[in-house]
Amino acid sequence: MKNTALTHIHESLGAKMLPFAGYNMPILYEGVNIEHETVRNAVGVFDVSHMGEFFLSGPNALTLIQKVTSNDASTLTIGRAQYSCLPNNEGGIVDDLIIYKMEEEKYLLVVNASNIEKDWNWISSHNDLGVVMENHSDDYSLLAIQGPKAVEAMQTLASMDLSSINYYHFAVTDFAGFSDVIVSATGYTGSGGFEIYCKNDQVEAIWNQVFEAGAAYGIKPIGLAARDTLRLEIGFCLYGNDINDTTSPLEAGLGWITKFTKDFTNAENLKKQKESGVTKKLIAFEMQERAVPRHDYEIVDGTGAVIGIVTSGTMSPSMNKGIGLGYVTTNNSAVDSDIFIRIRKNDVPAKVVKLPFYKK
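Please read these numbers as outputs of a predicted model, since none were measured by experiment.

A.B. asks: For this particular structure, what's the right way to read the UniProt feature "binding site: substrate" (unreviewed entry) in the protein?
C.D. replies: When the UniProt feature table is mapped to this numbering, "binding site: substrate" (unreviewed entry) covers Glu195. Note that Glu195 resides in strand 12 (residues 193–199). Each residue touching Glu195, except ones within four places of it in the same chain, is listed here: Tyr100, Leu142, Leu143, Ala144, Gln146, Ile182, Val183, Ser184, Ala185, Thr186 and Gly187. Among the polar contacts made by the side chain of Glu195, one reaches the side chain of Gln146 at a distance of 3.4 Å.

Here it is, written out as structure tokens:
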């Protein structure tokens, strides 16, 4: 099991550490609800250094990215990022990822920790274009500084105006005394803030300065458990739960990152699926009684017939009610549809709702 460059700090802070995607990661510090509210109302810091970083460069870098991803990366300009996915040949998703355009012929691909090797092999298998591929996943650390006070709290550490980095934009700038740090605003919590990509030998010094600068703003370290409740309240997909090798981007509601204006892996079959219509859809639902939906619970209709399965579920700390995502048959997917979640043989009423669950 791998450690991040900050594992010893998390342990010294008393974090509950558990294996996650092959890494020893902080899951909890004070408690999910406290950490969740810290990010919603102030500022919190996640160590997400387990994520993968691939650099692709050369005159054919964009061509390769266009071939293996579903979104249209040709629209990117330097300093912009894009959410996308890697379709497989069977109609599912290899992974979801974020693409950063660093220079005219250089891109950074940020992938999920659990899929680093799989994604690397997948992209490499399509690289018959001479694109220079570099896997720097073990060299980079990543801090997600999230919350409505994040920009104000961190401004003293950067010479540039951090508030000028718009959503899904980034800058390579100085931060906490280090040059060439990537500061991006792609967020996974729905509460604003940004991410810091730096080298492993820089991250401890940056972590310490981040907490000094944020002390007056109530900054706290946040574990992955709260990261999950935060992203679920916004309705962001988690690979391995809501999307995987067998779910198509169209079924997952990711048609907006599936651009048929270009050719890409399995585009023809996905286009046919769009034209004929999907048979199942990822829906959001709220429990109508006090109950907590969990991953893999069955979703049933009023007659008790199984119509789907829960992919993510929790008791929302912000709303104090059970919320979840799950796949159901298309004819049960309309907003306001009544469904039931089978919890220990009891069919508990729920209602299909529109995302996001949490609204500022």
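Next comes the rest of the write-up.
A.B. asks: How should I be thinking about helix 7 (residues 224–234) in this particular structure?
C.D. replies: Side chains that are three or four residues apart share a direction in an α-helix, a result of its 3.6 residues per turn. Counted residue by residue, helix 7 has nine buried out of 11 residues, so it is predominantly covered. For helix 7, the set of buried residues is Leu224, Ala226, Arg227, Thr229, Leu230, Arg231, Leu232, Glu233 and Ile234. Looking one or two residues beyond helix 7, the residue adopting positive phi is Gly235, at roughly 90 degrees.

A.B. asks: Just checking my understanding: could you explain the UniProt feature "domain: GCVT N-terminal" (unreviewed entry) in the protein for this structure?
C.D. replies: Those residues carrying the UniProt feature "domain: GCVT N-terminal" (unreviewed entry) are residues 7–262 in this numbering. The span residues 7–262 carries 25% helix and 30% strand; its end-to-end C-alpha distance comes to 43 Å.

A.B. asks: Got a minute to help me understand the nonpolar core in this structure?
C.D. replies: The nonpolar side chains of soluble globular proteins are, as a tendency, buried together. Counting 42 residues, the largest nonpolar core has Tyr100 and Ile243 as its most contacted members. Mapped onto this core, the elements with two or more residues apiece are strand 2 (23–28), strand 5 (81–87), strand 6 (93–103), strand 7 (106–111), strand 9 (140–146), helix 7, strand 14 (280–287) and strand 17 (321–329). Excluding anything up to four places from it in sequence, Tyr100 contacts Arg80, Ala81, Lys106, Tyr107, Leu108, Val110, Phe170, Ser184, Thr186, Glu195 and Tyr197. Core analysis: the second largest hydrophobic core is formed by 32 residues, Leu6, Val183, Ala213 and Ile219 among them.

Thresholds applied
Residues numbered from 1 in each chain as written. Predicted model: local features only at pLDDT ≥ 70, side-chain atom pairs only at ≥ 80, totals over all residues. Heavy atoms only, no water. UniProt positions renumbered as here; feature names shortened; annotations may be inferred. Helix = DSSP H or I, 4+ residues; strand = E, 2+ residues; numbered from the N terminus. Contact = heavy atoms within 4.5 Å. Polar contact = N/O pair within 3.5 Å; in protein donor to acceptor, adjacent residues only side chain to side chain. Buried < 20%, exposed > 50% of the residue type's maximum accessible area, 1.4 Å probe, protein only. Core = buried A, V, L, I, M, F, W, Y, C linked by side-chain atoms within 4.5 Å.

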